[in-house]
Amino acid sequence: MRLRELSERSGVPTATIKYYLRERLLPPGERVSATQAEYGEEHLRRLRLVRALIQVGRVPVATAREVLETAEDESLSQNARMGAAVWALPHGPEPAEGDPETAEASRQVDALLERLGWTYGQELGATSPAYRMLVAAIASLERLGYPHDTDHLALHARLAAELAVADLDLVEKYGGSPTERIEAVVALTVLYEPVLLALRRLAETEESGRRFTDSRDDSRDGS
(Lines give C-alpha, C1' and ligand atoms only; values in the text may rest on other atoms or scores of the structure.)
Protein backbone atom coordinates (compact mmCIF):
# COMPACT_ATOMS: atom_id res chain seq x y z
CA MET A 1 0.00 0.00 0.00
CA ARG A 2 1.08 3.59 -0.50
CA LEU A 3 1.47 6.11 2.31
CA ARG A 4 -2.02 7.51 1.88
CA GLU A 5 -3.63 4.07 2.18
CA LEU A 6 -1.46 3.26 5.19
CA SER A 7 -2.71 6.47 6.78
CA GLU A 8 -6.35 5.64 6.00
CA ARG A 9 -6.13 2.07 7.31
CA SER A 10 -4.24 3.00 10.47
CA GLY A 11 -6.01 6.25 11.28
CA VAL A 12 -2.62 7.95 11.64
CA PRO A 13 -2.11 11.19 9.67
CA THR A 14 0.50 11.04 6.92
CA ALA A 15 2.54 13.78 8.61
CA THR A 16 2.71 11.68 11.78
CA ILE A 17 3.74 8.58 9.82
CA LYS A 18 6.54 10.57 8.17
CA TYR A 19 7.66 11.71 11.62
CA TYR A 20 7.69 8.09 12.87
CA LEU A 21 9.77 7.13 9.82
CA ARG A 22 12.28 9.91 10.52
CA GLU A 23 12.52 8.87 14.18
CA ARG A 24 13.04 5.19 13.20
CA LEU A 25 9.88 4.08 15.01
CA LEU A 26 8.67 2.66 11.71
CA PRO A 27 10.88 0.76 9.23
CA PRO A 28 11.20 2.36 5.78
CA GLY A 29 8.95 1.17 3.01
CA GLU A 30 10.09 -0.45 -0.20
CA ARG A 31 11.08 2.22 -2.69
CA VAL A 32 9.17 2.14 -5.98
CA SER A 33 10.41 5.52 -7.21
CA ALA A 34 12.52 8.42 -6.04
CA THR A 35 9.57 9.94 -4.15
CA GLN A 36 7.28 6.98 -3.36
CA ALA A 37 7.43 3.81 -1.30
CA GLU A 38 5.15 0.88 -0.62
CA TYR A 39 4.23 -0.39 2.84
CA GLY A 40 2.98 -3.76 4.03
CA GLU A 41 0.94 -5.27 6.85
CA GLU A 42 4.00 -5.21 9.12
CA HIS A 43 3.96 -1.40 8.90
CA LEU A 44 0.28 -1.35 9.83
CA ARG A 45 0.96 -3.62 12.83
CA ARG A 46 3.90 -1.51 13.91
CA LEU A 47 1.86 1.69 13.65
CA ARG A 48 -0.73 0.25 16.03
CA LEU A 49 2.02 -0.59 18.51
CA VAL A 50 3.62 2.85 18.22
CA ARG A 51 0.25 4.49 18.83
CA ALA A 52 -0.30 2.28 21.89
CA LEU A 53 3.09 3.30 23.27
CA ILE A 54 2.96 7.02 22.54
CA GLN A 55 -0.72 7.94 22.65
CA VAL A 56 -2.01 5.55 25.32
CA GLY A 57 1.12 4.79 27.32
CA ARG A 58 2.48 8.35 27.05
CA VAL A 59 5.89 6.84 26.30
CA PRO A 60 8.49 9.37 25.04
CA VAL A 61 9.65 8.85 21.47
CA ALA A 62 13.21 7.94 22.51
CA THR A 63 11.87 5.32 24.94
CA ALA A 64 9.49 3.94 22.34
CA ARG A 65 12.43 3.54 19.94
CA GLU A 66 14.39 1.65 22.62
CA VAL A 67 11.44 -0.68 23.26
CA LEU A 68 11.04 -1.43 19.56
CA GLU A 69 14.75 -2.01 19.00
CA THR A 70 14.82 -4.45 21.92
CA ALA A 71 11.78 -6.31 20.58
CA GLU A 72 13.63 -6.86 17.29
CA ASP A 73 16.97 -7.94 18.80
CA GLU A 74 17.20 -11.54 17.62
CA SER A 75 20.50 -12.06 19.47
CA LEU A 76 18.44 -12.38 22.67
CA SER A 77 16.14 -15.22 23.71
CA GLN A 78 12.40 -14.65 23.49
CA ASN A 79 12.17 -14.40 27.27
CA ALA A 80 15.04 -11.89 27.41
CA ARG A 81 13.53 -9.83 24.60
CA MET A 82 10.14 -9.75 26.31
CA GLY A 83 11.68 -8.76 29.63
CA ALA A 84 13.97 -6.12 28.18
CA ALA A 85 11.18 -4.58 26.09
CA VAL A 86 8.84 -4.32 29.11
CA TRP A 87 11.68 -3.02 31.29
CA ALA A 88 12.20 -0.21 28.81
CA LEU A 89 8.65 1.03 29.41
CA PRO A 90 8.16 3.86 31.94
CA HIS A 91 7.76 2.68 35.52
CA GLY A 92 6.86 4.42 38.75
CA PRO A 93 9.14 6.61 40.86
CA GLU A 94 12.46 5.20 41.98
CA PRO A 95 12.89 4.35 45.68
CA ALA A 96 14.68 6.93 47.81
CA GLU A 97 18.21 5.63 48.36
CA GLY A 98 19.41 5.68 51.96
CA ASP A 99 15.90 6.10 53.31
CA PRO A 100 15.10 3.78 56.27
CA GLU A 101 11.64 3.03 54.88
CA THR A 102 13.25 2.04 51.58
CA ALA A 103 15.60 -0.37 53.32
CA GLU A 104 12.73 -1.98 55.20
CA ALA A 105 10.61 -2.13 52.04
CA SER A 106 13.47 -3.89 50.20
CA ARG A 107 13.64 -6.53 52.92
CA GLN A 108 9.90 -6.97 52.75
CA VAL A 109 9.90 -7.39 48.97
CA ASP A 110 12.67 -10.00 49.23
CA ALA A 111 10.67 -11.89 51.86
CA LEU A 112 7.55 -11.70 49.71
CA LEU A 113 9.32 -13.05 46.60
CA GLU A 114 10.80 -15.89 48.63
CA ARG A 115 7.40 -16.76 50.10
CA LEU A 116 5.83 -16.78 46.65
CA GLY A 117 8.66 -18.82 45.14
CA TRP A 118 9.23 -16.20 42.45
CA THR A 119 12.81 -17.21 41.70
CA TYR A 120 13.26 -15.01 38.62
CA GLY A 121 12.26 -11.95 40.62
CA GLN A 122 14.67 -12.96 43.38
CA GLU A 123 17.55 -13.39 40.93
CA LEU A 124 16.93 -10.07 39.22
CA GLY A 125 16.37 -8.13 42.42
CA ALA A 126 16.93 -4.40 42.25
CA THR A 127 18.04 -4.59 38.60
CA SER A 128 14.33 -5.00 37.77
CA PRO A 129 12.36 -1.74 37.39
CA ALA A 130 9.25 -3.54 38.69
CA TYR A 131 11.12 -4.60 41.84
CA ARG A 132 12.24 -1.02 42.47
CA MET A 133 8.74 0.29 41.77
CA LEU A 134 7.31 -2.14 44.35
CA VAL A 135 9.95 -1.11 46.90
CA ALA A 136 9.06 2.58 46.38
CA ALA A 137 5.34 1.82 46.74
CA ILE A 138 5.76 -0.19 49.95
CA ALA A 139 8.05 2.48 51.39
CA SER A 140 5.28 5.05 50.79
CA LEU A 141 2.76 2.81 52.56
CA GLU A 142 5.19 2.49 55.48
CA ARG A 143 5.68 6.25 55.76
CA LEU A 144 1.94 6.95 55.74
CA GLY A 145 1.01 4.11 58.08
CA TYR A 146 -1.16 2.06 55.70
CA PRO A 147 -1.31 -1.77 55.64
CA HIS A 148 1.56 -3.45 53.82
CA ASP A 149 2.16 -6.69 55.70
CA THR A 150 3.36 -9.72 53.77
CA ASP A 151 0.03 -11.55 54.08
CA HIS A 152 -1.78 -8.59 52.51
CA LEU A 153 0.79 -8.22 49.74
CA ALA A 154 0.82 -11.97 49.04
CA LEU A 155 -2.91 -11.87 48.31
CA HIS A 156 -2.40 -9.18 45.68
CA ALA A 157 0.63 -11.01 44.29
CA ARG A 158 -1.33 -14.24 43.79
CA LEU A 159 -4.04 -12.34 41.94
CA ALA A 160 -1.31 -10.79 39.79
CA ALA A 161 0.11 -14.26 39.09
CA GLU A 162 -3.29 -15.38 37.76
CA LEU A 163 -3.38 -12.31 35.53
CA ALA A 164 0.13 -13.09 34.26
CA VAL A 165 -0.97 -16.56 33.19
CA ALA A 166 -3.98 -15.11 31.37
CA ASP A 167 -1.84 -12.43 29.71
CA LEU A 168 0.77 -14.85 28.38
CA ASP A 169 -1.90 -17.35 27.31
CA LEU A 170 -3.32 -14.53 25.20
CA VAL A 171 0.11 -13.74 23.75
CA GLU A 172 0.70 -17.38 22.81
CA LYS A 173 -2.68 -17.52 21.07
CA TYR A 174 -1.76 -14.31 19.24
CA GLY A 175 0.58 -16.36 17.04
CA GLY A 176 2.91 -14.84 14.51
CA SER A 177 6.67 -14.51 14.70
CA PRO A 178 8.62 -14.12 17.96
CA THR A 179 8.93 -10.40 17.22
CA GLU A 180 5.17 -10.10 16.76
CA ARG A 181 4.59 -11.86 20.08
CA ILE A 182 6.97 -9.52 21.86
CA GLU A 183 5.25 -6.55 20.28
CA ALA A 184 1.96 -8.01 21.55
CA VAL A 185 3.37 -8.26 25.08
CA VAL A 186 4.39 -4.61 24.97
CA ALA A 187 1.06 -3.45 23.53
CA LEU A 188 -1.00 -5.50 25.97
CA THR A 189 1.10 -4.27 28.91
CA VAL A 190 0.40 -0.68 27.93
CA LEU A 191 -3.24 -1.15 26.92
CA TYR A 192 -4.37 -3.47 29.71
CA GLU A 193 -2.91 -1.58 32.67
CA PRO A 194 -5.60 1.15 32.47
CA VAL A 195 -8.20 -1.62 31.99
CA LEU A 196 -7.03 -3.29 35.22
CA LEU A 197 -7.07 0.01 37.10
CA ALA A 198 -10.57 0.81 35.88
CA LEU A 199 -11.88 -2.67 36.71
CA ARG A 200 -10.42 -2.51 40.20
CA ARG A 201 -12.12 0.82 40.87
CA LEU A 202 -15.43 -0.43 39.48
CA ALA A 203 -15.18 -3.58 41.60
CA GLU A 204 -14.49 -1.48 44.70
CA THR A 205 -17.54 0.66 43.86
CA GLU A 206 -19.68 -2.49 43.76
CA GLU A 207 -18.24 -3.88 46.99
CA SER A 208 -18.60 -0.53 48.75
CA GLY A 209 -22.21 -0.33 47.61
CA ARG A 210 -22.95 -3.78 49.04
CA ARG A 211 -21.21 -3.08 52.35
CA PHE A 212 -21.89 0.53 53.16
CA THR A 213 -25.08 1.72 51.41
CA ASP A 214 -27.59 3.06 53.94
CA SER A 215 -30.78 5.14 54.04
CA ARG A 216 -28.91 8.37 53.35
CA ASP A 217 -27.73 6.99 49.99
CA ASP A 218 -31.30 5.91 49.16
CA SER A 219 -32.70 9.37 49.94
CA ARG A 220 -30.13 11.08 47.74
CA ASP A 221 -31.04 8.73 44.89
CA GLY A 222 -34.69 9.76 45.24
CA SER A 223 -35.82 6.25 46.23
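### A few points about the overall build of the protein
Phase 1 of the analysis: Along the backbone of the protein there are 11 helices and 2 strands.
Phase 2 of the analysis: Element order for the protein, N to C, with α for helix and β for strand: α-α-β-β-α-α-α-α-α-α-α-α-α.
Phase 3 of the analysis: Taking 17 Å as the expected radius of gyration for a compact globule of 223 residues, we find that the protein reaches 22 Å, considerably beyond that expectation.
Phase 4 of the analysis: Sorting the 223 residues of the protein into buried and exposed places 31% on the buried side.
Phase 5 of the analysis: Residue pairs in contact within the protein that sit at least 24 positions apart in sequence constitute 62% of those at least 6 positions apart.

### Let's talk about the packing of helix 5 (residues 78-87) against helix 10 (residues 178-212)
Phase 1 of the analysis: Their axes nearest at 10 Å, the elements helix 5 and helix 10 cross at an angle of 30°. With respect to helix 10, the element helix 5 is oriented roughly parallel. Handedness of the helix 5/helix 10 crossing: right-handed. Mapping the contact onto sequence places Gln 78, Arg 81, Met 82, Ala 85 and Val 86 in helix 5 and Pro 178, Thr 179, Arg 181, Ile 182, Val 185, Val 186 and Thr 189 in helix 10.
Phase 2 of the analysis: The class makeup of the residues in the contact of helix 5 with helix 10 is 7 nonpolar, 3 polar and 2 charged.

Procedures and definitions
Residues numbered from 1 in each chain as written. Predicted model: local features only at pLDDT ≥ 70, side-chain atom pairs only at ≥ 80, totals over all residues. Heavy atoms only, no water. Helix = DSSP H or I, 4+ residues; strand = E, 2+ residues; numbered from the N terminus. Rg over C-alpha atoms; globule rule 2.2 N^0.38 Å. Buried < 20%, exposed > 50% of the residue type's maximum accessible area, 1.4 Å probe, protein only. Contact = heavy atoms within 4.5 Å. Axes fitted to C-alpha atoms, helices over the stretch in contact; angles between N-to-C directions. Parallel < 35°, antiparallel > 145°, perpendicular 65-115°, else oblique. Left-handed = near helix turned anticlockwise from the far one by under 90°. Nonpolar A, V, L, I, M, F, W, Y, C, P; charged D, E, K, R; others polar.

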